[in-house]
Amino acid sequence: MTKLPRPPASRMFGWMALACALALAGCASTRPPAPVEDRATARQPARPATTVEAAKPATAPAPVASASGTDTRPATYTVKPGDTLMRIALESGQAWRDIARWNGIENPNLIEVGQVLRVLPPTGEVLATKPVTTPKIEAKPLDAAGAKPAAPAASGAAATPASAPAVPAKDNDDDVQWAWPASGPVAAAFDENRNKGLAITGKAGDPVLAAADGRVVYAGSGLRGYGNLVIVKHNATYLTAYAHNQTLLVKEDQVVRKGQKIAEMGSSDAERVQLHFEVRRQGKPIDPAKLLPAR
């Protein structure tokens, strides 16, 4: 076998240097580019996650539209110490039975401090358009042994004609025909801070009349400071209160007409014989003298 001549040492070193240079060039061409974007992102401070719900302020219940415009009353009420369902109803301009029904309350005497109550009708329920009917009262002849006279409340109910038509819903809640509830002089005018209505004086037993057509939503003595009280709801906006009576002549859910006798004046829970008369618009007391006709 013929041996090839060995190249000189200087040439071998040249080939080895060339091979190393090519290897280094190949390594540089396969290396991925430096993550410039990643490093720039990493240098930015981390932003905290935003919680839109936490940043939103608590919103009040949406107002409910009524025939007379927008109802500005809050949709709920939180029970406070000393509250009763009757007083909550008066202050919110509603019937206590309606509030009990909206909240599933079976016993009106069992409400708790901190309890949140709905005080506006649920969506779609319009109280002013509900038909109002008068219960039919059947007159029976006395038997041979005689019969006891009817109680004052029963005789008051009988005084309402059985054929009285339903109170129609009005297109405009402000379109109410008002009349004075008593004929006596006004002893105390309306004062928003001290007197939420008119004090009309008279003699014990003087007639107390409904100031407008409506439905009785309360008749009793369960509201401290009002004595024997009648509350009449006229539509979704207005109700009237008649306090300090000696006798009540109507019952709850009874239809009454303007000028109808609903009670007899007295001094229950008062220092003298008087009628305390209130008009409330969406639960807020307003001056009755601005609505009543001139005498």
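Residues numbered from 1 in each chain as written. Predicted model: local features only at pLDDT ≥ 70, side-chain atom pairs only at ≥ 80, totals over all residues. Heavy atoms only, no water.

Got a sec to walk through the pattern of salt bridges? Specific residues and values, please.
One pass over the full model with this rule turns up nine salt bridges. For Arg215, the salt bridge goes to Asp253, with nearest N and O atoms at 2.5 Å. Here the residue Arg215 occupies a position in strand 8 (residues 214–220), and Asp253 occupies one in the loop between strand 10 (238–248) and strand 11 (255–256), the gap between them amounting to 38 residues. Residue class for Arg215 comes out buried when judged on its relative accessible area of 18%. (Salt bridge = Lys/Arg side-chain N within 4 Å of Asp/Glu carboxyl O. Helix = DSSP H or I, 4+ residues; strand = E, 2+ residues; numbered from the N terminus. Buried < 20%, exposed > 50% of the residue type's maximum accessible area, 1.4 Å probe, protein only.)

Which residues make up the pairing of strand 10, and what values do they have?
Within strand 10, 10 of the 11 residues are buried, which leaves it mostly tucked inside the rest of the structure. By the bridge criterion, five bridges tie strand 9 (residues 228–233) to strand 10 in an arrangement that is antiparallel. Pairing of Asn228 across the sheet is with Asn245, part of strand 10. Linking strand 9 to strand 10, which pair antiparallel, is a turn of four residues. The sheet contact formed by strand 10 and strand 13 (residues 274–281) spans six bridges and is antiparallel. Pairing of Tyr242 across the sheet is with Phe277, part of strand 13. (Pairing = 2+ DSSP bridges.)

Which residues make up empty space enclosed by the protein, and what values do they have?
According to the stated counting rule, one finds one cavity of 30 Å³ or more in the structure shown. Taken as a whole, the largest cavity encloses approximately 50 Å³ of empty space. Lining the largest cavity, in full, are Met86, Ala89, Leu90, Gln94, Ala95, Trp96, Val217, Tyr218 and Ile231. Among the secondary structure elements, those contributing two or more residues to the lining of the largest cavity are helix 4 (85–92) and strand 8. No other element matches the three residues that helix 4 contributes to the lining of the largest cavity. Among the residues making up the lining of the largest cavity, the classes are represented as eight nonpolar, one polar and no charged. (1 Å grid on protein atoms, 1.4 Å probe; cavity = no way out; pocket = protein on both sides within 12 Å on 5 of 7 lines; lining within 4 Å. Points joined across faces, edges and corners; volume = space filled by probe spheres on them. Nonpolar A, V, L, I, M, F, W, Y, C, P; charged D, E, K, R; others polar.)

Help me get a handle on the environment of Leu117, residues and values and all.
Topologically, Leu117 is positioned in strand 4 (residues 116–118). C-alpha of Leu117 to C-alpha of Tyr77: the two residues are 40 residues apart in sequence and 5.2 Å apart in space. What Leu117 contacts, discounting residues up to four positions off in sequence, is Ala75, Thr76, Tyr77, Val79, Leu85, Ile88, Asn103 and Ile105. (Contact = heavy atoms within 4.5 Å.)

Talk me through the nonpolar core; I want residue IDs and the actual numbers.
Counting 25 residues, the largest nonpolar core has Trp178, Val230, Tyr242, Ile262 and Leu275 as its most contacted members. Contributions of two or more residues to this core are made by strand 6 (198–201), strand 9, strand 10, strand 12 (261–265) and strand 13. Leu85, Leu90, Val217 and Ile231 belong to the second largest nonpolar core, which has 24 residues in total. (Core = buried A, V, L, I, M, F, W, Y, C linked by side-chain atoms within 4.5 Å.)

Which residues make up the environment of Val119, and what are the values?
Looking at the element boundaries, Val119 is found in the loop between strand 4 and helix 6 (152–158). A residue is classified by how much of its surface remains accessible, and Val119, at 5% relative accessible area, is buried. Put simply, Val119 and Ala95 are 24 residues apart on the chain and 9.5 Å apart in space, counted from C-alpha to C-alpha. Ignoring anything within four residues of it in the chain, the contact list for Val119 reads Pro74, Ala75, Thr76, Tyr77, Ile88, Ser92, Gln94, Ile99 and Trp102.

I'd like a rundown of the packing of aromatic side chains, residues and numbers included.
Under the defined criterion, the tally for this structure stands at two aromatic pairs. A ring pair is formed by Trp178 and Tyr238, whose centres lie 5.5 Å apart and whose planes are at 80°; its orientation type is edge-to-face. Remark: Tyr238 occurs in strand 10 and Trp178 occurs in the loop between helix 6 and strand 5 (186–188); sequence separation between them is 60 residues. Neither residue differs from the other here; Trp178 and Tyr238 are each classed as buried. Residues Tyr242 and Phe277 carry aromatic rings whose centres are separated by 5.3 Å and whose planes lie at 50° to one another, so their mutual orientation is tilted. (Phe/Tyr/Trp six-rings, centres within 6.5 Å; stacked < 30°, edge-to-face > 60°.)

Nothing here speaks to function; it is geometry throughout.
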